[in-house]
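This is what each chain is made of:
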Amino acid sequence: MNKMDTKKNAGKLLQKVKPIHVIILLSLCVIGLLWGMYSSYQHQKEIEQRLEMYRDMELTPEDKSNSIIKEADPVITSDTVNEQLNSLGELVTVEYLYTNADKYENRNQVSVHKWNINLPFTTKSFLLAYDGRIKAGVNLKDAQIDVDENAHKITVVLPKSEITSHEIFEDNIRVFDEKDSVFNKITIENYNDFVASQKDGMEQRAIDMGLLSSADENAKTVVHSFLSLIPGIDTYTLTIK
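All of these numbers come straight from a predicted model, not from anything done at the bench.

A.B. asks: Is there a simple way to explain the packing of helix α4 (residues 78–88) against helix α6 (residues 211–227) in this structure?
C.D. replies: Geometrically, a packed helix pair is captured by the angle between its two axes and the distance between the axes. Packing of α4 against α6 brings their axes to within 11 Å, and their N-to-C directions diverge by 125 degrees. One element, α4, and the other, α6, form an angle in the oblique class. Two packed elements cross with a definite hand, and for α4 against α6 that hand is right-handed. Across from V81, Q84, L85, S87 and L88 in α4, the residues of α6 making contact are V223, F226 and L227. Partitioning the contact of α4 with α6 into residue classes produces six nonpolar, two polar and no charged.

A.B. asks: Help me understand the packing of aromatic side chains, please; the structure alone is not making it clear to me.
C.D. replies: Geometrically, a pair of aromatic rings is defined through the distance of the ring centres and the angle of the planes. Across all of its chains, the model carries six aromatic pairs by this definition. With centroids separated by 5.9 Å and ring planes inclined at 25 degrees, the aromatic side chains of Y96 and Y98 adopt a geometry described as stacked. Owing to a relative accessible area of 6%, Y98 belongs among the buried residues under this scheme. On the basis of an interplanar angle of 85 degrees and a centroid distance of 5.8 Å, the ring pair of F126 and F194 is categorised as edge-to-face. One end of the pair, F126, is in strand β4 (residues 124–139); the other, F194, is in helix α5 (residues 188–208), and 68 residues separate them in sequence. Classification of F194 by relative accessible area gives buried; the value is 7%. Counting every residue linked through ring pairs, the aromatic cluster contains Y104, F126, Y191 and F194.

Reading guide: rules and limits
- Residues numbered from 1 in each chain as written.
- Predicted model: local features only at pLDDT ≥ 70, side-chain atom pairs only at ≥ 80, totals over all residues.
- Heavy atoms only, no water.
- Axes fitted to C-alpha atoms, helices over the stretch in contact; angles between N-to-C directions.
- Helix = DSSP H or I, 4+ residues; strand = E, 2+ residues; numbered from the N terminus.
- Parallel < 35°, antiparallel > 145°, perpendicular 65-115°, else oblique.
- Left-handed = near helix turned anticlockwise from the far one by under 90°.
- Contact = heavy atoms within 4.5 Å.
- Nonpolar A, V, L, I, M, F, W, Y, C, P; charged D, E, K, R; others polar.
- Phe/Tyr/Trp six-rings, centres within 6.5 Å; stacked < 30°, edge-to-face > 60°.
- Buried < 20%, exposed > 50% of the residue type's maximum accessible area, 1.4 Å probe, protein only.

Here you go:
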């Protein structure tokens, strides 16, 4: 087929396409375009309506105060408080560090009737210096908890503080002026027994200086601060005794 035949066929095809067909085709294209624009407009309008609905659902602060539906006040029970205190367990609130020195002396004796007579040349002695640490606190598992829901009051009664531990740093014990005799030698047991006997005296000295009183006051402060972290407890009156 040559170029002349191709042009003739194209001319015949164009003669078959009538103007009405072109108009119909163009009309369909315009209708499709308009329908697409309308659908997009409807979708955008639907989104705007939803946003407007959500805005209407949001309450202003004034609406919230006048609303019938109000947020419920938090409820704190004795179990809630007890659970928090038990998580602390034994609470150490005071640590007392000290240095002390004392003299040990011993001699052999014999009993004659009702008297104890010291035997000559049997005296042994030494001077002992040492450092120690005494801790005091409360066992929060023994705390008494009362929650008055009507009055919105929480009262916690703590047990009395007591000494929780006492240690003497053995690595830091110093011994001076040791003296003994062939009849009464110094032994390791003499050192250990003397150190153990010193603990009671140092604990009583610390108590006389106000160790347990300070522990009581510190425990109240610590427990109050700790319980204040419970969500919603600001709506209650918290008292620690």
